[in-house]
Amino acid sequence: MTRTQKQADRTEETPGKQSRGAGSAVQSVDRAVSVLEILARLGEAGVTEIADELEVHKSTAFRLLGVLENRGLVAQAKDRGKYYLGAGVLRLAGAAAVRLDISQEGVPVCRELADEVGETVNIAVLDDNAAVNIMQARGAASVTAQNWLGRRTPLHATSSGKVLLGHLPPTLREGLLARPLPRFTERTITGTAALRGELEAVVEQGYAFALEELELGLAATAAPVRAHDGKVIGAISVSGPVYRLDSDHLPDLAKRTAAAAADLSRRMGYGF
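The rules behind these values
- Residues numbered from 1 in each chain as written.
- Predicted model: local features only at pLDDT ≥ 70, side-chain atom pairs only at ≥ 80, totals over all residues.
- Heavy atoms only, no water.
- 1 Å grid on protein atoms, 1.4 Å probe; cavity = no way out; pocket = protein on both sides within 12 Å on 5 of 7 lines; lining within 4 Å.
- Points joined across faces, edges and corners; volume = space filled by probe spheres on them.
- Nonpolar A, V, L, I, M, F, W, Y, C, P; charged D, E, K, R; others polar.
- Helix = DSSP H or I, 4+ residues; strand = E, 2+ residues; numbered from the N terminus.
- Salt bridge = Lys/Arg side-chain N within 4 Å of Asp/Glu carboxyl O.
- Buried < 20%, exposed > 50% of the residue type's maximum accessible area, 1.4 Å probe, protein only.
- Expected span 1.5 Å × (residues − 1).
- Arc of directions from axis to C-beta.
- Core = buried A, V, L, I, M, F, W, Y, C linked by side-chain atoms within 4.5 Å.
- Contact = heavy atoms within 4.5 Å.
- Pairing = 2+ DSSP bridges.

Colleague: Would you take a moment to explain empty space enclosed by the protein for this structure?
Modeller: Taking a probe equal in size to a water molecule and rolling it over the atoms shows the remaining empty space. Applying the stated criterion across every chain, the model contains one cavity of 30 Å³ or more. There is about 190 Å³ of room inside the largest cavity. Together, 18 residues line the largest cavity, and Trp-148, Thr-158, Leu-218, Ala-220 and Ser-239 are the ones closest to its centre. Looking at the lining of the largest cavity, its residues break down into seven nonpolar, eight polar and three charged.

As C-alpha cells, this is what we get:
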C-alpha cells in the first residue's frame, strides 16, 4: 500500500463516520480478525500500535477493540492500557478442540459398535439449539441408510438431542424448552411438561430413545459422552429401521450404546 493510499484510508476513517454496505461490514470483520492475529503475535499491544499495524485511524482501532472486548475476545490491562487476547478466545478454541478430539477418539469406538450391532452409529454435539452429527460409522445392515454426517437435528425429537438437552444446566435447558417444539410425526413430543419428564428419565437411566419422533420408520437410542471433568460433551447414537430396532431389541441396544459411550468418555479422560 502506498503512502497516499494509507493517508486516504486514515482520512476516510474519521471519528463518528459509520461504515455502510456489505463491503464495509466484510472489511470490519477482516480487521477484527487481524486484531486477534496481531495480539496473538505480539502478546499485547496498545491502540496506537494496533492502528499502525492495521494502517487505520486510532478511532477505528479503538472501536474494533471495544467490540472484541465486549465479546470477551480481548481484555485490557488497566494499569498499562495494553490489550491482550481474552478468555473468549480460549472458550472458542476449547470448543473446537473438543469437537476435534471427540471425533478423532470416537472413530474406533463407533466403528467397533457399528460392526457389533450392524446399524448406523453417530456422534453428535450440541450446536446452539440443535444436535449436529460430526462422526458416522455404518454397520453391515445399514449400507443403504441415509447419511447423517454434518446434519443438524432437533434436540427434542432425536435420541442424541435428548441426551444433550437433558444434561444442560437448568437455565439453558429451560431456555430451549421455552421455544416452540415443532412436530415432525404424530409421535414427536411437543409438550414441555412431557418432554421434561422424558429428559429426567434420560438422565436417570443413562440413555435415550426416539421412536419415529423425527421420521416415520426410524428408531434410535443414544448415550452421553463425558469430558475429563464429567461434563457431557456429546452423544453416541445407534439408529435404524423400527422393524429391526423394535421394543424387544432397543433395551439391549441401549446398554451396548451406553457401554460404547463410556469407553469414549474414558478416552476423553473421564474417570481418571
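Colleague: It is not clear to me how the layout of surface pockets should be interpreted in this structure. Could you clarify?
Modeller: In this structure, the second largest pocket spans a volume of roughly 220 Å³. If you trace the second largest pocket, you find 15 residues lining it, with Asn-129, Leu-155, His-156, Pro-180 and Leu-181 closest to the centre. Secondary-structure elements contributing two or more residues to the lining of the second largest pocket are strand 5 (152–154) and helix 7 (170–177). When the residues that make up the lining of the second largest pocket are grouped by side-chain class, the tally is ten nonpolar, three polar and two charged.

Colleague: Would you mind going over the pattern of salt bridges with me for this structure?
Modeller: Should their charged atoms come close, side chains of opposite charge can pair. The tally for this structure, following the rule as stated, stands at 13 salt bridges. Salt-bridge contacts for Lys-82 lead to Glu-49; the nearest nitrogen and oxygen are separated by 3.8 Å. Of the two residues, Lys-82 sits in strand 2 (residues 82–85) while Glu-49 sits in helix 3 (residues 47–54), which places them 33 residues apart along the sequence. Here Arg-267 makes a salt bridge to Glu-105, at a shortest N to O gap of 3.8 Å. Remark: Glu-105 occurs in helix 5 (residues 87–117) and Arg-267 occurs in helix 9 (residues 250–267); sequence separation between them is 162 residues. Of the residues examined, Arg-267 reaches a relative accessible area of 40% and is grouped as partly exposed.

Colleague: Just to check I follow, could you spell out helix 9 for this structure?
Modeller: Its 18 residues place the ends of helix 9 25 Å apart at the C-alpha level, agreeing with the 26 Å of an ideal helix rising 1.5 Å per residue. Taken as a whole, helix 9 has its buried residues at Leu-250, Leu-253, Ala-254, Thr-257, Ala-260, Ala-261, Leu-264 and Ser-265. For helix 9, the angular spread of the buried residues around the axis is 145°, confining them to a single face. Positive phi appears at Gly-269, one or two residues downstream of helix 9, with a value of about 100°.

Colleague: Would you mind showing me how to read the nonpolar core here?
Modeller: Ile-102, Leu-113, Val-121, Ile-123, Val-225, Ile-236 and Leu-264 are the most contacted members of the largest nonpolar core, which has 28 residues in total. Ignoring any residue separated from it by four or fewer positions in sequence, one finds Ile-123 in contact with Ile-102, Gly-106, Cys-110, Val-132, Asn-133, Ile-134, Met-135, Ala-235, Ile-236 and Leu-264. Core analysis: the second largest hydrophobic core is formed by 18 residues, Leu-155, Leu-168, Leu-176 and Leu-181 among them.

Colleague: In this structure, what is going on with the pairing of strand 7 (residues 218–226)? I would like to understand it.
Modeller: As a general feature of sheets, a regular strand has side chains that alternate between the two faces. Most of strand 7 sits inside the fold, with eight of its nine residues counted as buried. Between strand 6 (residues 208–211) and strand 7, which follow one another and run antiparallel, lie six residues, and Glu-212 among them has a positive phi close to 55°. Pairing analysis gives nine bridges linking strand 7 to strand 8 (residues 232–241), with the strands arranged antiparallel. Opposite Leu-218, over in strand 8, you have Pro-241 as the bridge partner. With antiparallel pairing between neighbouring strands as the criterion, strand 7 and strand 8 make up a hairpin whose turn holds five residues, including Gly-230 at a positive phi of roughly 90°.

Interpretation note: all reported values are geometric properties and have no functional meaning in isolation.
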